Each structure stands twice: as structure tokens, then as C-alpha cells.
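What follows is each chain in one-letter form.
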Amino acid sequence: MAKYCIGALIYENRTRQKITQEELCDGICTATTLSKIENGQQLPRRKTFEALVQRLGISEQCCFFPVSDNEMRRSNLEFRITRELSTGNYDILDLLEQYKECGERMGTMEEQFYFQSMAMITLGKGGIYQEARHLLMKSIYLTIPHFSIPMPERYKLLTFDEIRIMNSIAIVEYQIGNTENAITLMFYLKDYMNRNNIDLEEKAKLYPMILYNLSNWMGKERRDELAYTLCEEGIDFCIQNGKLSVFPFLIFNKGYSLARMSRLKEAVPYIRQACTIFEALKDQKRADMCRQEIEQSFSIHL
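What counts, and where the lines are drawn
- Residues numbered from 1 in each chain as written.
- Predicted model: local features only at pLDDT ≥ 70, side-chain atom pairs only at ≥ 80, totals over all residues.
- Heavy atoms only, no water.
- Helix = DSSP H or I, 4+ residues; strand = E, 2+ residues; numbered from the N terminus.
- Buried < 20%, exposed > 50% of the residue type's maximum accessible area, 1.4 Å probe, protein only.
- Contact = heavy atoms within 4.5 Å.
- Areas by Shrake-Rupley, 256 points an atom, 1.4 Å probe, with all protein chains shown as cover.
- Lys, Arg positive; Asp, Glu negative; His and termini not counted.
- Charge placed at Lys NZ, Arg CZ, Asp CG, Glu CD.
- Salt bridge = Lys/Arg side-chain N within 4 Å of Asp/Glu carboxyl O.
- Phe/Tyr/Trp six-rings, centres within 6.5 Å; stacked < 30°, edge-to-face > 60°.
- Lys NZ or Arg CZ within 6 Å of the ring centre and 35° of its normal.
- 1 Å grid on protein atoms, 1.4 Å probe; cavity = no way out; pocket = protein on both sides within 12 Å on 5 of 7 lines; lining within 4 Å.
- Points joined across faces, edges and corners; volume = space filled by probe spheres on them.
- Nonpolar A, V, L, I, M, F, W, Y, C, P; charged D, E, K, R; others polar.
- pLDDT = per-residue confidence, 0-100.

## As for the overall build of the chain
When its secondary structure is counted, the chain shows 15 helices and zero strands. Dimensions of the chain, computed from the C-alpha atoms along their principal axes, are close to 70 × 40 × 35 Å. Going through the 302 residues of the chain one by one, you find that 49% of them count as buried. Across the chain, every contact between residues at least 6 apart in sequence was considered, and the portion connecting residues at least 24 apart equals 61%. Surface exposure of the chain reaches about 15,200 Å², of which carbon and sulfur atoms provide 50%. Distance between charge centroids for the chain: 1 Å, based on 38 positive and 40 negative side chains.

## Digging into the pattern of salt bridges
Using the criterion set out here, one finds 21 salt bridges in the structure. For Glu162, the salt bridge goes to Arg55, with nearest N and O atoms at 2.8 Å. Residue Glu162 is located in helix H9 (residues 160-175), and its partner Arg55 is located in helix H4 (residues 46-55); the two are separated by 107 residues in the primary sequence. Taking the relative accessible area as the measure of exposure, Arg55 reaches 4% and is therefore buried. One salt bridge connects Lys190 with Glu233, and the closest N-O pair in it is separated by 3.4 Å. Linking Lys190 in helix H10 (residues 179-195) with Glu233 in helix H12 (residues 224-241), this pair joins segments that are 43 residues apart in sequence. Sharing partners across several salt bridges, the network here consists of Arg46, Lys47, Glu50, Glu78, Asp161, Arg164, Glu202 and Lys205.

## Some words on the packing of aromatic side chains
According to the stated counting rule, one finds nine aromatic pairs in the structure shown. Between Phe249 and Phe278, the ring centres sit 5.0 Å apart and the planes meet at 80 degrees, which makes this aromatic pair edge-to-face. Of this pair, Phe249 sits in helix H13 (residues 247-260) while Phe278 sits in helix H14 (residues 264-280), and the two are 29 residues apart along the sequence. You can call Phe278 buried: its relative accessible area is 2%. We note Arg74 situated over the ring of Tyr99; from NZ or CZ to the ring centre the distance is 5.4 Å. Its guanidinium or amino end placed over the ring of Tyr207, Lys203 lies 4.8 Å from that ring's centre, counting from NZ or CZ.

## Some points on the layout of surface pockets
Quantified by volume, the second largest pocket comes out at close to 320 Å³. Along the walls of the second largest pocket sit 13 residues, with Asp26, Arg154, Tyr155, Lys156 and Leu157 positioned nearest its centre. Of the residues assigned to the lining of the second largest pocket, the class counts are five nonpolar, two polar and six charged.

## Let's talk about the environment of Phe147
Along the chain, Phe147 turns up in the loop between helix H8 (129-141) and H9. The sequence separation of Phe147 and Met137 amounts to ten residues, and the corresponding C-alpha distance is 8.4 Å. Leaving out residues up to four positions away in the same chain, Phe147 has contacts with Met137, Ile140, Tyr141, Tyr155, Met166, Ile169 and Leu185.

## Some remarks on the confidence of the model for the chain
Of the residues in the chain, 96% have a pLDDT of 70 or more, and the chain-wide mean is 91. Element-level pLDDT for the chain is lowest in helix H1 (residues 2-16), with a mean of 81, against a maximum mean of 96 in H8.

## Quick look at the side chain of Asp199
Among the secondary structure elements, Asp199 is positioned in the loop between H10 and helix H11 (200-220). One buried charge, Asp199, has no salt-bridge partner; the nearest side chain with opposite charge is Lys205, at 7.0 Å. Not counting chain neighbours up to four residues away, the residues in contact with Asp199 comprise Gly57, Ile58, Ser59 and Phe160.

As C-alpha cells, then:
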């Protein structure tokens, strides 16, 4: 029964979206394997299943998926690794080694998660950006062997991990001075997440940060009108979806963009709001930094 449910879920969503088997499984598995999965003749590995449904824009939680004991242990380790990275704990090489050695040999998707996590640890520990870039490229090449930043629009379907990896690549590219590459890739991700069918919960985790990074970069490029527009879009998205972690950063950037456009009377309320929100979130250090930056840049005393 589980085989049929999984296969039917993938087949029905794929055909409804007019996606070919080759387009969906590219870099994940062979078309023959996907055909067997859709026909209920074969169960995919857990990470393969997740990647396929993510490219279809649906949550893997909507379908019961049986896993082996080893896959369950690896899944639990993946959750712990992701949680630790999200809270800024990068002393987790032991967890990553457990993930690598857990049960059967890692498949393509497990390897991608492994190298992506290694890159995040490298960045988090203040490592060399080029080293992190190497790990990220190694990760993305596993499912997109011909990945190239100048032409990202050729990648029609992405998993959540592929989106996260590309986002990290864009950030690293910016840090090492490849500004044009960074902006091209980040705008592609923004457009992709607006154009394609993306699970809303997953989109809400990353989309506001993409807009925040772009607004920062556009501000540094003195494209203040565009920076302002990106902030507006990000603020609206955060309000509509109840995602507040990036919300005060976008509010501050909106005020900063207005100040750069000599619209100081409009700018000050937004900057004050951002500082107040940071204080409400018990981030006094960030609130003080915002006030100091505004005072130094525009001689505005809040």
C-alpha cells in the first residue's frame, strides 16, 4: 500500500504539472528508477523520495513513508545537525561523522547534505571562503553536474537543499568579490521561488533572507529604489506568513534606503520601529548597532 501511495503521489503531481520523468529525476535517480517508483514496483531511499517531492513543490509529510532503522537513525542525525547549525553551533563534526557512517553507504542525496553541512561548519568557524565554496560546489555538482552561475535559469526544478546550497554559494561569491555572480544567482533564486510551485513552509524559511541579502547588496550598489522595493516585498511576506526573524532587519533596511534617497522624514519611523523590535526580541546589541550606524551615516539621533 505504501508503495502505491508514494508512486501515485509522485505520478499524479508530476503529470498534473506537465513535468517529464527526465526533468523531475535529473541528478536524483534514473528515469527507469522513477518509473518503477511511480508504478509501485520500487521504494526509493528516504532522501530520494524527499528530493523528488520537493521538486514537485509538495511536502514529503503528506505521505506515509516507511524507513529502515538505519534510515531513521540517519534522519534523526540530519535533524540534529540542521538544528545545531541553525542555532550557530558549529562544533558538530562528531555528529556529521556519525551521519556518514550510519548504516549503508551514503547515496547521492546524503552526500549532498554531508558536503553542504561541512561548508556551513567551515563558514561558521571563520574558515576560508574559498574552502567553503569548494565544498558547496562539490555538493551542488552531485545533482547538477553542469552547474554554472552565469546561466542559472537553465535549472528548471530544484530541491530545497539545492536552493539552500545555491543561496550559500551566492553569499560566498559576494564575500570573495564576485559581486555580479552573487547578484545574478540570488535574483534567480528569488524569481524561482516566486515562479515555481514551492511548499510554503519551506519557502518561508529562506525567502525573507534572500530578499534581505539582495536589499543589502543593492544598497551597497547605490540602487536604493530597488533595495527599498525588495524590503517592501520582504516585509509583506513576513507579515503574511508570520515569519519575524528577518522582519526587523528588513524594516531597518527599508528605513536606511529611504535615508539614502534623502527621504529622512519617512526613514526615521522605520528605523525606530526596527530598533524597538530588536529590543522586544531582547537583542539590545543589534538595536544599539542600528542606532549607531544611522547616527554615523546621516547624523540622525534617535
